[in-house]
Amino acid sequence: MIEVDDIRILSNDWPYGIDPNIVHLVVWVKFELEEDPDTGDLTLEARKQINHFVNTTFRNTENPDHVSKRKHAMNTRS
């Protein structure tokens, strides 16, 4: 079971020169997201879990397309 303390949502300190009207957040988690061992891509179940989290945490019904997400590949994570 995932606990509230297992997830942190932070403002990105280095927003890479994006438009100042865009809010760039980073979600850090203390648990592994299930990946396909052959490809390193997220499994379908992990993608569903992420989509559910993003939809319930960030999306609103007025502008649902104003949210995007990206998971860094294992070799680019800090």
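Details of the structure are given in the entry above.
Going along each chain's sequence as written, the residues are numbered from 1 onward. Confidence filtering applies because this is a predicted model: local features only for residues at pLDDT of at least 70, side-chain atom pairs given and counted only at 80 or more, and all residues used for totals across whole chains, interfaces and linings. The basis for the side-chain values is all heavy atoms of the structure; hydrogens and waters are excluded.

Peer 1: How would you sum up the side chain of Asn12? Please name residues and give values.
Peer 2: Only runs of H or I of at least four residues qualify as helices and only runs of E of at least two qualify as strands under DSSP, and these elements are numbered from the N terminus. Within the secondary structure, Asn12 is located in the loop between strand E1 (7-11) and strand E2 (25-29). Residue Asn12 is classed as buried on the basis of its relative accessible area, which comes to 16%. We call two residues in contact when some of their heavy atoms are within 4.5 Å. Apart from residues lying up to four places away in sequence, Asn12 is in contact with His24, Leu25 and Val26. Only protein chains enter the accessibility calculation, which uses a 1.4 Å probe; a residue whose area is less than 20% of its type maximum is buried, one above 50% is exposed, and one in between is partly exposed.

Peer 1: Quick one: what's the story with the side chain of Thr43, residue by residue and with numbers?
Peer 2: Turning to its location among the elements, Thr43 is positioned in the loop between E2 and helix H1 (44-57). A relative accessible area of 17% means that Thr43 is categorised as buried. When residues no more than four places from it in sequence are discounted, the contact partners of Thr43 are Glu34, Glu35 and Asp36.

Peer 1: How would you explain the packing of aromatic side chains if you had to name every residue and give the values?
Peer 2: Each aromatic ring pair is summarised here by two numbers: the centre-to-centre distance and the angle between the ring planes. Two aromatic rings, drawn from Phe, Tyr or Trp (for Trp, its six-membered ring), form a pair once their centres lie within 6.5 Å of each other, and the interplanar angle then sorts them: stacked below 30 degrees, edge-to-face above 60, tilted otherwise. On inspection of all chains with the given rule, the structure shows one aromatic pair. Relative to Phe58, the ring of Phe53 lies with its centre 6.1 Å away and its plane at 80 degrees, an arrangement referred to as edge-to-face. We classify Phe53 as partly exposed; its relative accessible area is 24%.

Peer 1: I'd like a rundown of the environment of Glu34, residues and numbers included.
Peer 2: When you line up the elements, Glu34 lands in the loop between E2 and H1. Sequence separation between Glu34 and Arg47 is 13 residues; the distance between their C-alpha atoms is 8.9 Å. With residues near it in sequence (within four places) discarded, Glu34 still touches Asp41, Leu42, Thr43 and Ala46.

Peer 1: So, a nonpolar patch on the surface: which residues are in play, and what are the values?
Peer 2: The patches reported here contain residues having more than 30% relative accessible area and no salt bridge. Joining distances are 9 Å for like charges and 5 Å for nonpolar side chains (Val, Leu, Ile, Met, Phe, Trp, Tyr). Exposure was quantified through the Shrake-Rupley algorithm and a 1.4 Å probe, taking into account, for residues, occlusion by the shown protein chains and nothing else. Each reported salt bridge corresponds to a side-chain nitrogen of Lys or Arg within 4 Å of a carboxyl oxygen of Asp or Glu. There is a patch of nonpolar side chains on the surface, built from Ile9, Val23, Leu25, Val27 and Val29 and spanning about 390 Å² of accessible area. With three residues, the single largest contributor to the nonpolar patch is E2. Inspection of the secondary structure assignment puts Ile9 in strand E1. Residue classification places Ile9 among the partly exposed residues on the basis of a relative accessible area of 39%.

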